[in-house]
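# Structural features, examined
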Amino acid sequence: AKAAGRNTFRFYDESMQVAIKQRVSLESALRQGLQLRQFQPFYQPQVNEEGWVVGAEVLVRWLHPEKGMISPADFIPVAEETGLIIPLAELLLTQVCDQLVAWSRLPGFADLSLAVNVSARQVRQEDFVERIIAQVRHSGANPQRLKLELTESLLLHDMDDMIRKMTALKAFGIGFSLDDFGTGYSSLSYLKLLPLEQLKIDQSFVRDLLSDPNDAAIARTIIALADSLGLSVIAEGVEQECQRHFLAAQGCHTYQGYLFGRPAAVVDFMASLQLDPQG
Ligand code: C2E
Ligand code: CA
Ligand code: CA
Ligand code: CA
């Protein structure tokens, strides 16, 4: 038993070393990738009931010269832990604001809004509000076209601080969407204190909407809740027409998911919009 224990210890010891090495190399690759600007915003359409694209969610992609396209799930957590999410988010927001400025002069694109994901590390910066405002002002982008996606866990950390920051950004013109709604632990009484504009139904409830009565009930409840709080509601992960139809019948009129388009580089996003204006 003792020998086995020792072997077990060794095994974990080695795998931990491998994990640490991988993390350190990912961290330095991230650092280098930032310098070389290997990160790019991809855009996934958000569509209204008539099928018109009303905006897009910005989803970051790492275009690594050797490894190809790396998914955010594989590097955002390390970027968060190391603090590299700060310069990464700044780089991304610059690109997003420049895009909004370019679109503001293009018929058909001027009204699109862009939703950007925000991480805990970012909002906890003391000067989070000032940094965002300075960046948007510098770019000349219209803050009304910009939305920030927050998750519930992020709000619960320090409610008063969050309310203060969100209120300041809202006064500047930036709206907030509560991402992955229903998967966290928000108390409903908090919801009305926060200057939110939108609830986003998590894709885990959309997936089995038609076969799982619990998911259907949750989706219905979120839609009713948004309605009674005067918030708009969007469903993510909509892949099938029957899901869209069900959501529409329940009163959800904005959708995002593979049914309408996958996250794509800006040229592809724009091309798909021109080819298929009716959705
Ligand atoms: P999220 O914010 O919940 O984004 C939605 C994810 O669902 C995206 O994955 C998107 O590509 C995927 N998705 C969209 N439509 C469908 C669908 O119809 N079916 C299915 N199965 N999936 C769909 P992605 O792009 O891999 O991003 C993963 C997560 O990484 C995001 O989840 C978000 O939490 C984070 N992330 C992405 N970009 C950023 C960023 O710029 N900053 C921060 N802080 N986090 C980001
Ligand atoms: Ca999101
Ligand atoms: Ca989400
Ligand atoms: Ca999600």
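All figures in this text were calculated on a predicted structure; none of them were measured in a lab.

What counts, and at which threshold
Along each chain, residue indices are assigned from 1 in the same order as the chain's sequence is written. Whichever chain is written first is A, and whichever ligand is written first is 1; the rest continue in order. Since the coordinates come from a predicted model, pLDDT governs what is reported: local features require at least 70, and pairs of side-chain atoms require 80 or more to be given and counted, while whole-chain, interface and lining totals use all residues. Calculated side-chain values reflect all of the structure's heavy atoms, with hydrogen atoms and water omitted. With water omitted from the atoms examined, metal sites may look incomplete; donors here are N, O and S atoms no farther than 2.8 Å from the metal, or 3.2 Å in the case of Na, K and Ca. Under the DSSP-based scheme used, a helix requires at least four consecutive residues in state H or I and a strand at least two consecutive residues in state E, with every element numbered from the N terminus. Exposure classes here rest on a 1.4 Å probe applied to the protein chains alone. A residue is buried below 20% of its type maximum, exposed above 50%, and partly exposed in between. We define proximity as follows: a residue is near a molecule or strand when any one of its heavy atoms falls within 4 Å of that partner. We call two N or O atoms a polar contact when they sit within 3.5 Å, provided that within protein one can donate a hydrogen and the other can accept it, with sequence-adjacent residues counted only if both atoms are side-chain atoms. Residue burial considers only the protein chains on display, and all accessible areas are found by Shrake-Rupley using a 1.4 Å probe.

Here the calcium ion (ligand 2) is held by E57 (OE), N117 (OD1), E149 (OE) and D179 (OD), and the distances to it run 2.2 to 2.3 Å. Here the donor residues for the calcium ion (ligand 2) map to a single chain with the spacing E-x59-N-x31-E-x29-D. Between the calcium ion (ligand 2) and the calcium ion (ligand 3), a spacing of 3.7 Å is present, and a bridge between the two is formed by D179. Residue N117 is located in strand β4 (residues 113-117), and its partner E149 is located in strand β5 (residues 146-151); the two are separated by 32 residues in the primary sequence. On the basis of relative accessible area, E149 is assigned to the buried category, the value being 2%.

A few words now on the site of ligand 1. Lining the immediate environment of ligand 1, one finds 20 residues, of which Q44, R61, Q203, E239 and Y258 sit closest. A distance of 3.2 Å separates a nitrogen atom of ligand 1 from a polar backbone atom of V60. Residue E239 places a side-chain N or O atom 2.5 Å away from a nitrogen atom belonging to ligand 1. Protein chains shield 79% of the accessible area of ligand 1, which is 800 Å² for the free molecule.

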